[in-house]
Amino acid sequence: MSNPSFSPTFQALLKEVQFTRDILGAGATQIRRANYASKGTYFLALVSLSTGLERLGKLCLMMDHLLLHGSFPDLAQLKREIGHRLSLIHERTQALVQRRGLTLQFRQTLEDPIHGAILGCLHNFAEGDRYANINLLAGAPSATDPVAAWHQEVDLPLFRLRVSPAKQARIRRNAQMIDQLIGPMSMVVHLSETGDAIDNLEDASFRTGAMEAVGPYRQLYVLQIIRYWVEVLGELQYPAMQVSDDIPHFSEVLAIFNNDDSYFRSRKTWEKL
């Protein structure tokens, strides 16, 4: 009898979850670092997070399909019914959690408006916003800039809600002080996340300080979203093992993401897991 640990199905599932872990780790690291001066870092983060969460969510839906029908959904079903629609994957995951009566340790739902804003930005990025610049050049002026969307829908609310008024005031004072000291000798030529001109040192310094304050919260909320799907997949793996010998221990591969918020706050980088 062949060892199920080496079956093609087992290997495919194991490689998929390992790959997903790695790209989510990269995305969680890069989203903390992104700012107006490194817009490419936003794209690195958005590509990794949208792809990783889509794959993680699809693994959950595939396990649910296995439990319901004794087999995985075929490629046509995944493409036709789900595609890259992260919001739909989230809705279907919520539905299976409720239908199966799963009890998750950390968060039963992603109910926070910031979670919703992040999922919305990543959904739109995967659905087409990742090509916003090319679409604009090709004559589609209605294309949404994903960096501007993230800044307006995630960063600014986080700054208002999670950065204390005292820290906000300190960031502004520091920016004013830097401008007074070296502003007259400096020239600033930059564009903000929304495409507005940044032409003075006070504005540039304030934006830098604000995004440094927001970065840890961006990362925390992203990690909470990842953890949600990791928990769901962990709940589904053992029933799935009763149906098929080809199911690996997903929760072991993804264990780094199944920690509490205090641990999430203690780490800045997630590439080396």
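What you see is a predicted model, and the numbers here were worked out from it, not measured in a lab.

To continue, consider the overall build of the chain. The number of helices and strands found in the chain is eleven helices and two strands. Listing each helix as α and each strand as β along the chain from the N terminus yields α-α-α-α-α-α-α-α-β-β-α-α-α. Its C-alpha atoms give the chain principal-axis dimensions of roughly 80 × 45 × 30 Å. In the chain, which comprises 273 residues, the share counted as buried stands at 48%. Summarising the internal contacts of the chain: among those between residues at least 6 apart in sequence, 74% fall at separations of at least 24. Accessible surface for the chain amounts to roughly 13600 Å². Of this, 53% is attributable to carbon and sulfur atoms. The positive charge centre, built from 28 side chains, and the negative charge centre, built from 29, are 3 Å apart in the chain.

This next bit is on helix H9 (residues 201-243). In this model, H9 (43 residues) spans 62 Å end to end at C-alpha, consistent with the 63 Å of a helix rising 1.5 Å per residue. Of all the bends found along H9, the most pronounced is centred on valine 214 and spans about 35°, while proline 216, a proline, follows it within four residues. Of the residues flanking the start of H9, the one acting as N-cap is asparagine 200, its side-chain oxygen 3.3 Å from the backbone nitrogen of glutamate 202.

Time to look at the packing of helix H1 (residues 8-33) against H9. Running from N to C, H1 and H9 cross one another at 155°; their axes reach a closest spacing of 7 Å. Here H1 lies roughly antiparallel to H9, going by the angle between them. Helix-helix and strand crossings are classified by hand; for H1 and H9 the assignment is right-handed. Taken together, the residues of H9 that come into contact with H1 (itself represented by Leu24, Ala28, Thr29, Ile31 and Arg32) are Gly215, Pro216, Arg218, Gln219, Val222, Leu223 and Ile226. Of the residues that constitute the contact of H1 with H9, the class distribution is seven nonpolar, three polar and two charged.

Time to look at the nonpolar core. Residues Ile118, Trp150, Ile226, Trp229, Val232 and Phe257 are the most contacted members of the largest nonpolar core, which totals 70 residues. Looking at this core element by element, the count peaks at 19 residues for H9. Residues Tyr36, Ile198, Leu201 and Ala204 belong to the second largest nonpolar core, which totals five residues.

This part takes up the pattern of salt bridges. One pass over the full model with this rule turns up twelve salt bridges. For arginine 99, the salt bridge identified is with aspartate 64, shortest N-O distance 2.8 Å. Within this pair, whereas arginine 99 is found in helix H4 (residues 86-100), its partner aspartate 64 is found in helix H2 (residues 39-69), the two being separated by 35 residues in sequence. Between glutamate 81 and arginine 92 there is a salt bridge whose closest N-O contact spans 3.5 Å. You can see glutamate 81 sitting in helix H3 (residues 75-82) and its partner arginine 92 sitting in helix H4, a full eleven residues away along the chain.

Note on placement: leucine 67 falls in helix H2. Residues leucine 67 and alanine 240, spaced 173 residues apart in sequence, show a C-alpha to C-alpha distance of 6.1 Å. Discounting residues that sit within four places of it in the chain, leucine 67 has contacts with Arg100, Leu236, Pro239, Ala240 and Val243.

Moving on: the environment of tyrosine 36. Tracing the sequence through the fold places tyrosine 36 in the loop between H1 and H2. The exposure class of tyrosine 36 is buried, given its relative accessible area of 7%. In this structure the C-alpha to C-alpha distance between tyrosine 36 and leucine 191, which are 155 residues apart in sequence, comes to 6.9 Å. Leaving out residues up to four positions away in the same chain, tyrosine 36 has contacts with Tyr42, His190, Leu191, Ser192, Glu193, Ile198, Ala204, Arg207 and Thr208.

Along the chain, histidine 65 turns up in helix H2. Classification of histidine 65 as buried rests on a relative accessible area of 17%. Once you skip the residues sitting within four places of it in the chain, histidine 65 turns out to touch Gly70, Ser71, Phe72, Pro73 and Gln77.

Rules used in this analysis
Residues numbered from 1 in each chain as written. Predicted model: local features only at pLDDT ≥ 70, side-chain atom pairs only at ≥ 80, totals over all residues. Heavy atoms only, no water. Helix = DSSP H or I, 4+ residues; strand = E, 2+ residues; numbered from the N terminus. Buried < 20%, exposed > 50% of the residue type's maximum accessible area, 1.4 Å probe, protein only. Contact = heavy atoms within 4.5 Å. Areas by Shrake-Rupley, 256 points an atom, 1.4 Å probe, with all protein chains shown as cover. Lys, Arg positive; Asp, Glu negative; His and termini not counted. Charge placed at Lys NZ, Arg CZ, Asp CG, Glu CD. Expected span 1.5 Å × (residues − 1). Bend = angle between axes of the 7 residues up to and from the residue. Polar contact = N/O pair within 3.5 Å; in protein donor to acceptor, adjacent residues only side chain to side chain. Axes fitted to C-alpha atoms, helices over the stretch in contact; angles between N-to-C directions. Parallel < 35°, antiparallel > 145°, perpendicular 65-115°, else oblique. Left-handed = near helix turned anticlockwise from the far one by under 90°. Nonpolar A, V, L, I, M, F, W, Y, C, P; charged D, E, K, R; others polar. Core = buried A, V, L, I, M, F, W, Y, C linked by side-chain atoms within 4.5 Å. Salt bridge = Lys/Arg side-chain N within 4 Å of Asp/Glu carboxyl O.

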